[in-house]
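Remarks on the overall topology
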2 protein chains.
Amino acid sequence: MRVTVIPRTEEINEIKEKTVVIIDVLRATTSMVAALANGAKQIIPFLTPQEAKGYATHSGDFLLCGERKGVKLSGFDLGNSPREFTRERVENKTLLMTTTNGTRAINQSLSAKHIFIASALNVQALVERLKSEREVVIVCAGTKGKFSLDDFAMAGLVISFLEKNNDIDLDDLGVAAKLLLKDRTLYSLLAASHHGERLENLGFNEDLVYCSQVGVINLVPYYDAGVIKI
Amino acid sequence: MRVTVIPRTEEINEIKEKTVVIIDVLRATTSMVAALANGAKQIIPFLTPQEAKGYATHSGDFLLCGERKGVKLSGFDLGNSPREFTRERVENKTLLMTTTNGTRAINQSLSAKHIFIASALNVQALVERLKSEREVVIVCAGTKGKFSLDDFAMAGLVISFLEKNNDIDLDDLGVAAKLLLKDRTLYSLLAASHHGERLENLGFNEDLVYCSQVGVINLVPYYDAGVIKI
């Protein structure tokens, strides 16, 4: 299996017909996994709050979810903290979600063969699903156009699980991500990232702990035709 | 001191009036440092072998140096192995040098205020020279347009020395490079890189050992007006 790492959304290219794994570990892809595990019907990602609000005027049982600068959008039902996506809030609902980085990464990956949603929570299920793939591209969303240590560390976690049961051929970014995580916890690297630090300053330290839980959810959300589902 | 890392030549931007450190540890910048330590008068970098050969038709005591795909160019005096740049070969000579990645990185950095040449050999002298700077940009040349683990590890070495005596503010790439090198030797990461592996396959394993020597040369080469000197 050939595994390559794209360090930020802006560098996505050459993914046509490949299998893509989307990482925005703090916090969009973690929230997506949590929401679907708690019974959300589906998630529709939007690039802008306006688009999400526009869609919400249709009939349906929707929740508006999303953030800008880490904070819940005005007039929205939920922000982007995975701890908000409880069964009580999301069960059987369609989530209309817009986040700064995660939804952009998905939107730039539409030419891929498969688009899977990754978090630490579902890393083992994800890796099990990837085992028959010949070529996997791990897309780190990054933060506001820049490399983000949190997503890169999560790429290292995916790789460390992939190599347990597969013969993998890594590019240099993949080797770096794997070695960076080796002998470290994901939490320590999330906390060392500027994004993680900013979330802590906003009072979201518990989100870093939540996003660092490895293999607690046995689902692999995927994106298809505008919708994220399981 | 604000320290940022550029992971490959193609991402160089916003360096105007900043102090730039160029890294092509395997092997161009290491060879430059070795050559000047062994008495070379100056080094003139060229993007192409043709330009270097054209310049050599001028009068002067020149040596043509350079590689493509790691191998010495046909008709050239020296390749790009730092072990070739002995006092016997280079003393008082002007070196006309063209390499795949290092000279391109320098050429893309011409708007900088200062351009310093970095290798493990001169990392301590380099860091001493940088101590009064407010903003340092570490440019990893990369390999053929891609992120290269060898240069990124060397960026980590520069940062680990910088933070010994300076209060530094790192971007996420800088944090990643620093943590990647922590508790590892530079050699182990050079050997883990695809570029290092290719050099080993070409029979240059001793070059990886040579390029991993820390702080053995007390010089800081800089680029100015087309020439690298000390």
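Our structure's up above, just so we're on the same page.
What counts and what doesn't
Residues numbered from 1 in each chain as written. Chains lettered and ligands numbered in written order. Predicted model: local features only at pLDDT ≥ 70, side-chain atom pairs only at ≥ 80, totals over all residues. Heavy atoms only, no water. Helix = DSSP H or I, 4+ residues; strand = E, 2+ residues; numbered from the N terminus. Rg over C-alpha atoms; globule rule 2.2 N^0.38 Å. Buried < 20%, exposed > 50% of the residue type's maximum accessible area, 1.4 Å probe, protein only. Areas by Shrake-Rupley, 256 points an atom, 1.4 Å probe, with all protein chains shown as cover. Salt bridge = Lys/Arg side-chain N within 4 Å of Asp/Glu carboxyl O. Least-squares fit on C-alpha atoms with pLDDT ≥ 70 in both. Contact = heavy atoms within 4.5 Å. Pairing = 2+ DSSP bridges. Polar contact = N/O pair within 3.5 Å; in protein donor to acceptor, adjacent residues only side chain to side chain. 1 Å grid on protein atoms, 1.4 Å probe; cavity = no way out; pocket = protein on both sides within 12 Å on 5 of 7 lines; lining within 4 Å. Points joined across faces, edges and corners; volume = space filled by probe spheres on them. Phe/Tyr/Trp six-rings, centres within 6.5 Å; stacked < 30°, edge-to-face > 60°. Lys NZ or Arg CZ within 6 Å of the ring centre and 35° of its normal.

Quick look at the overall build of chain A
Counting secondary structure elements, chain A contains 10 helices and 11 strands. Against the 2.2 N^0.38 benchmark of 17 Å for 230 residues, chain A shows a C-alpha radius of gyration of 16 Å, consistent with a compact globule. Reported as C-alpha extents along the three principal axes, the dimensions of chain A are approximately 50 × 40 × 30 Å. For chain A, the proportion of its 230 residues judged to be buried stands at 59%. A total of about 9,300 Å² of accessible surface is found on chain A, and carbon and sulfur atoms cover 46% of it.

Concerning the pattern of salt bridges
Under the counting rule described, the total for this entry stands at 26 salt bridges over all chains. A salt bridge links A:D207 to A:R27, with the nearest nitrogen and oxygen atoms 2.8 Å apart. Of this pair, A:D207 sits in helix α10 (residues 205-211) while A:R27 sits in the loop between β2 (19-23) and α1 (28-37), and the two are 180 residues apart along the sequence. Accessibility expressed as a relative area gives 0% for A:D207, which makes it buried. Among the ionic pairs, B:E133 bridges to B:K113, the shortest N-O distance being 3.6 Å. Of the two residues, B:E133 is situated in the loop between α5 (123-130) and β8 (135-140) and B:K113 in the loop between α4 (102-107) and β7 (114-118); the sequence distance between them amounts to 20 residues. B:E133 gets classed as buried once you look at its relative accessible area, which sits at 10%. Taken together, the shared-partner salt bridges in this structure form one network comprising A:R2, A:K18, A:E135 and A:D169.

Here we look at the relation of the copies chain A and chain B
Laying chain A over chain B is done by rotating through 180 degrees and shifting 0.0 Å along the axis; what remains is an RMSD of 0.0 Å. The transformation just described matches what one would write down for a two-fold rotation axis. If distances are taken from each C-alpha of chain A to the rotation axis, the shortest is found for A:L180, at 2.5 Å. Both copies present the same face, since 100% of the interface residues in chain A are matched by interface residues at the equivalent positions in chain B.

Some words on the pairing of strand β7 (residues 114-118) of chain A
All names here are of chain A. Across the 5 residues of β7, 4 count as buried, placing the element largely inside the fold. Bridging between β2 and β7 involves 5 bridges; their strand directions are parallel. Bridge pairing links V21 to F116 in β7. Pairing geometry for β7 and strand β10 (residues 222-224), over 2 bridges, is antiparallel. Looking at β10, one finds that F116 is bridged to Y222.

Considerations on the side chain of A:N166
Residue and element names in this part refer to chain A. You can see N166 is positioned in the loop between α6 (149-165) and β9 (169-170). What makes N166 buried here is its relative accessible area of 17%. Polar side-chain contacts of N166 include one of 2.8 Å to the backbone oxygen of L162. With residues up to four places along the chain from it excluded, the contact list for N166 reads M1 and K131.

Overview of the layout of surface pockets
All names here are of chain A. Size it by volume and the second largest pocket reaches roughly 160 Å³. The wall of the second largest pocket is formed by L110, A112, K113, H114, I115, F116, R129, Y222, Y223, D224 and A225. Counting residues per element, the ones that place at least two in the lining of the second largest pocket are β7 and β10.

Some thoughts on the packing of aromatic side chains
The geometry of an aromatic ring pair is captured by the separation of the ring centres together with the interplanar angle, meaning the angle of the planes. One pass over the structure, following the stated rule, counts 6 aromatic pairs over all chains. Between the aromatic rings of A:Y55 and A:F62, the centroid separation amounts to 5.5 Å while the plane-to-plane angle is 65 degrees, which identifies the pairing as edge-to-face. According to the relative accessible area criterion, A:F62 is buried, its value standing at 19%. A centroid spacing of 5.5 Å and a plane angle of 50 degrees characterise the contact between B:F46 and B:Y55, whose relative ring orientation is tilted. Classification of B:F46 as buried rests on a relative accessible area of 11%. Cluster of aromatic residues (ring-pair linked, three or more members): A:F46, A:Y55 and A:F62. Looking at A:R27, its charged tip hangs above the ring of A:F204, at a distance of 4.4 Å from the centre.

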